Amino acid sequence: MGSSLHAFLLRIKMLFRKRRMDREMAEELEFHQAMLREKLEGQGISKSELNQATRQTFGDAGRWHERLRELWQFRGLENLLRDISFSARMLKKSPGFTTVALLTLAIGVGANTAIFSLINGLLLRPLPVPHADQLVVLSIHEGGPTPNYSFPAPFFRALEHQPAIFSDVFAYNNNGRPLQVQARSGSEDVPGMEVSGQFFQALQTPPLLGRYLTAADDNTGGNPAGLAVVISENFWGRWFHRDPSVVGRKLVIANVPFTVVGVMPKRFIGADLMQRPDIFVPLSAEPIVDAPRHNIDEGLNAWWLTVIARLQPGVTLQQANAALRTVSGPILHAADDPNYIAQEDKAHFRFQAEPGSGGYAMARFFFRNPLLALLAMCAGILLLACLNLASLLIARGAMRERELATRLAMGATRWRLIQQLFIESLLLAVLGTIAGIAVSPLVGSSLAAFLTSSTGDPTVVLDTSLDLRVLVFAAVIAIVSAVLIGLMPALQATAGNLNDHIKDGQHARQLHEQRWILPRILMALEVALALVLVVGAGLLATSLVRLYRSGVGFDPKGLANISFNMDKQQLEGDALMRVYQEIGQGLSHQPGVKSVSFQFITPLSHRGWNGNYSAPGGNTHVIWLNSVGPNYFETMRIPMYMGREFRWNDTNASGLKIILNQSAASLLFPDHNALGRQIVDPSEKTSYQVVAIVADAKYSGMMDSAPPAGYVPIQQDEQKKPSLNAVVRVDGPMTPLAATARSLAARLAPTIPPPILTTMNEVVNNSVSAQRMMAILSLFFAGCALLITAIGLYGTLAYATARRTSEIGIRMALGAKRGQVIAMVFRQNAWVAIAGCISGMIAAVLASRAMASLLFETSPHDPWVLLASIAVLLMIASCASLLPALQAARIDPILAIRCE
Amino acid sequence: MLILRALQRGSMHGYGVAEWIHQTSQQVLKVEEGALYPALHRLELRGMLSAHWGMSDNNRRAKFYQLTAEGKKRLSAESQRWARLSAAVAFVMQAS
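Residues numbered from 1 in each chain as written. Chains lettered and ligands numbered in written order. Predicted model: local features only at pLDDT ≥ 70, side-chain atom pairs only at ≥ 80, totals over all residues.

A.B. asks: Please clarify how unusual backbone geometry should be interpreted in this entry.
C.D. replies: With glycine set apart, most residues show a phi of negative sign, and most peptide bonds adopt trans. Residues and elements named next belong to chain A. Phi at histidine 131 is positive, roughly 50 degrees, even though this residue is not glycine. Mapped onto the elements of the fold, histidine 131 is located in the loop between α6 (95–124) and β1 (135–141). With a phi angle near 65 degrees, leucine 604 is a residue other than glycine that sits in the positive phi range. (Helix = DSSP H or I, 4+ residues; strand = E, 2+ residues; numbered from the N terminus.)

Dropping the structure here:
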């Protein structure tokens, strides 16, 4: 084997010295020729015969040169390079085809990779901590359809020590409000997290500097040395300029000094993939940083913690769940509310653990199904693009029969030709996928920005950066599409009898008809796929339109929402109400303002507050609540059926009042006589008088129908210092209101942060962002699918017709009319389109069933949508097929026959 | 084998090898140029010969080949084989 290794090495050396090698070979052969000439001259042959003689003995110098060169090259590599440059030239010769092909592929691959990077960031990525697969998320099952992922403090503390099942259990707050940190001038809102004692220990990431928080810090008042915090590396850079002596420095949060005891490295992001907290405070310090709220004190009334645990090594999920079931009962019964205990017992209360390597993120629930549906659509588009390219390449390949047959006759092996055609298609595929992959990060991050902005929380982060998973996905897509596109045309083009290829040209029709079956099947598949995508887009768009039309119960147009944060000022109770009253008056004096009111919960913001109420002697029902100001229903334009609005003098002293919506009224008072009656809160033993009945309105989300709801006056709110939103009905521009609100706040409550203005239209749009994204993107994909299919139909028919030019010419010469020719050509594609539509309809009916959960008041088999989709597709197919048909009819018979 | 033998006496250029074989075989064997140079290059690739550029007798630049150690080994092996083969053929042809 030594000799072949030697040969290999020498060949590699020659790879880099091609030109020199060429020169040397030429020189060597020239030398031999010169010597031969000298010898012949010496033998007396005349000059004229000299050349002939040398040429006879020596032959064509070029050919020897070629043979020698081949000896020294890697044959495979040389063939490959030659094929690639040949293919590149062929592609450059038909720029239209190449551009279209590359574009469709880029769209298909780019869209798929972008959506997958979103799915990766949201659903697949684990937390960047060691052994993330051992982490589980805990939830509370109360018999409802979905478990509750928010824990109250007492239940968490009871679960904090379960050494038999979990090595660590920790919790953090999921009501992320920023921490108010005192800066050099004024205060700054910094994103932070309240974490329990075992948080850092469970996440097993050593700190960059100092230490992290431990259970000793998670006590009221902190550890014996005081209150401790841990900061992120980013914050250390931003705030302390990476001062190495940061450990021991003080941070004043909510007017209380905390000591920095450690800095966490940049790669540590906590337990929530979508948050990037800068400051970690102990959970027990919550009443300090979250003032005036006191969630810990509220016990079972505040559900504000996400609980995650790390399984003991060797403990399986089933074992953990079994163990949790046994401790659920005792923990529940240790609670201090007997009514609650009884209610939960009936509902089979239990704790549950589920795999949580990616931690917990509420956004997942909103976006999981839409994203998966989008991925399915993207896969469909990619398949469509591949089919399209394959059939176009096959059709184009049929045009080159003569060339291929000639090459076969001259000695090329079939395998060699297949290789070259494959390279041609492969080149197209590789370029297209590279273009797509290059574009996908941009598309992915803009989609991610859209998703995160629609959650309404500016600190939410969706990390769509490329990691191994996305790259592998992109590579797999590239390979699959390259093979799909490349193999079929190559095999197809070189099939068949050699003689037939050369002989027939454009005459022997029968054998050719067979060769057009494969492209036609591919086109029919394409039409079917396009129909499925169009039906999907139609359904989603219809659902979105119906969602908007279903109304929210109030009129969001011209309605502004101004949120005030009253935490950091001293007034409360009636004094605070007077401040609100003055704010209301100040706003109502602005030009264009029709009416002003207040609300505690903004509708459609996924926040909720509920309670149990009953009519005396009746059953207890769950009623969803909001506290609102006077003139609320007039401002929101919610119809009032009977009764009166709240007034500013409806204070606590005048008796507790409530306004019910229609559903609540019929629920509590089936005899429809709710006005003026009393309802009671069984746990608080308080009684409310019903002063009005209003129409139903949507509460926390657009997709859920309006629940039974009740409204209480803001003056009678249990909270001493509620932070309310002003709702303003405005005729005209809303932006001046922001400035007005800011000046009012500065005058009446100087210590609060500036109020934030959003329009209710924005809120409504944000609440259906997932559905909007789906509808918009699916329409875009359907449009692409129609365009690609149209191009494919046009292209294959054009190629097929071009080959039949002489046949058509003969027909016309024999008397066929233009109309007959058009019909003949058109008919070819008609069958393809019809077959495609039928199979597509079946596929669409089956596939749309999977979409039912995404649709609002729209059946997945909505006949109007199906019919409209078929109509659109048939129309596009007809237009695409008509063009080649018209071109065929314009053929001059004499020219056509003569060309042959 | 013949080429290797030709180069046993020292380095030569391609034309020289062909001429030597032609002369030494009493004008019987004529090596076709089309076979000569591919053979020379193949032997060079395989490591039997090494090549360098030099000046020929009439002051022309030419590529000279010479045997390597591998080449010498190969030459002796080939010639032993040839001797055995031709002896065997001779026995067969002389049998009555």
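A.B. asks: Hey, could you run me through the packing of helix α2 (residues 14–24) of chain B against helix α3 (residues 33–46) of chain B in this one?
C.D. replies: All names here are of chain B. Taken N-terminus to C-terminus, the directions of α2 and α3 make an angle of 120 degrees; their axes are 10 Å apart at the nearest point. Comparing their axes, α3 and α2 come out oblique. Where α2 crosses over α3, the two elements pack in a sense that is right-handed. Facing Gly14, Val17 and Ala18 of α2, the residues of α3 in contact are Leu36, Tyr37 and Leu40. Residues belonging to the contact of α2 with α3 are distributed by class as follows: 5 nonpolar, 1 polar and no charged. (Axes fitted to C-alpha atoms, helices over the stretch in contact; angles between N-to-C directions. Parallel < 35°, antiparallel > 145°, perpendicular 65-115°, else oblique. Left-handed = near helix turned anticlockwise from the far one by under 90°. Contact = placed C-beta atoms within 7 Å. Nonpolar A, V, L, I, M, F, W, Y, C, P; charged D, E, K, R; others polar.)

A.B. asks: Would you mind going over the domain arrangement of chain A with me for this structure?
C.D. replies: Size of an interface, as often reported, equals the accessible area lost when the parts are brought together. Residues and elements named next belong to chain A. According to the domain assignment, chain A consists of domain 1 (2–73), domain 2 (132–357), domain 3 (367–548 + 769–899) and domain 4 (565–754). Using only C-alpha atoms to locate each centre, domain 2 and domain 3 end up separated by 53 Å. Between domain 2 and domain 3, the contact holds 6 residues from the first and 5 residues from the second. (Domains from an automatic or database assignment.)

A.B. asks: Help me out: how do you make sense of the interface of chain B and chain A in this one?
C.D. replies: Each partner contributes residues to the interface: chain B has 16 residues there, and chain A has 19 residues. Examining the composition of the side of chain B that touches chain A, we find that 8 residues originate from one element, α3(B), more than from any other. Here the residues of the side of chain B that touches chain A are counted per class, giving 5 nonpolar, 5 polar and 6 charged.

A.B. asks: What should I look at first to understand the environment of Ala798(A) in this one?
C.D. replies: Residue and element names in this part refer to chain A. Here alanine 798 is to be found in helix α26 (residues 769–803). Given 20 C-beta atoms within 10 Å, alanine 798 falls into the buried group. Residues alanine 798 and phenylalanine 240, 558 residues apart in the sequence, show an inter-C-alpha distance of 70 Å. (Buried ≥ 20, exposed ≤ 12 C-beta atoms within 10 Å, placed from the backbone.)

A.B. asks: Would you mind showing me how to read the pairing of strand β11 (residues 305–311) of chain A here?
C.D. replies: All names here are of chain A. Within β11, 7 of the 7 residues are buried, which leaves the element mostly enclosed by the surrounding structure. The two faces of β11 match: Leu305, Val307, Ala309 and Leu311 on one face and Thr306, Ile308 and Arg310 on the other face are all buried. Inspection of the sheet shows β1 paired to β11 by 3 bridges, in the antiparallel sense. Bridge pairing links valine 137 to isoleucine 308 in β11. Here 7 bridges tie strand β2 (residues 166–173) to β11, and the two strands are oriented antiparallel to one another. By the bridge assignment, asparagine 173 is partnered in β11 with leucine 305. (Pairing = 2+ DSSP bridges.)

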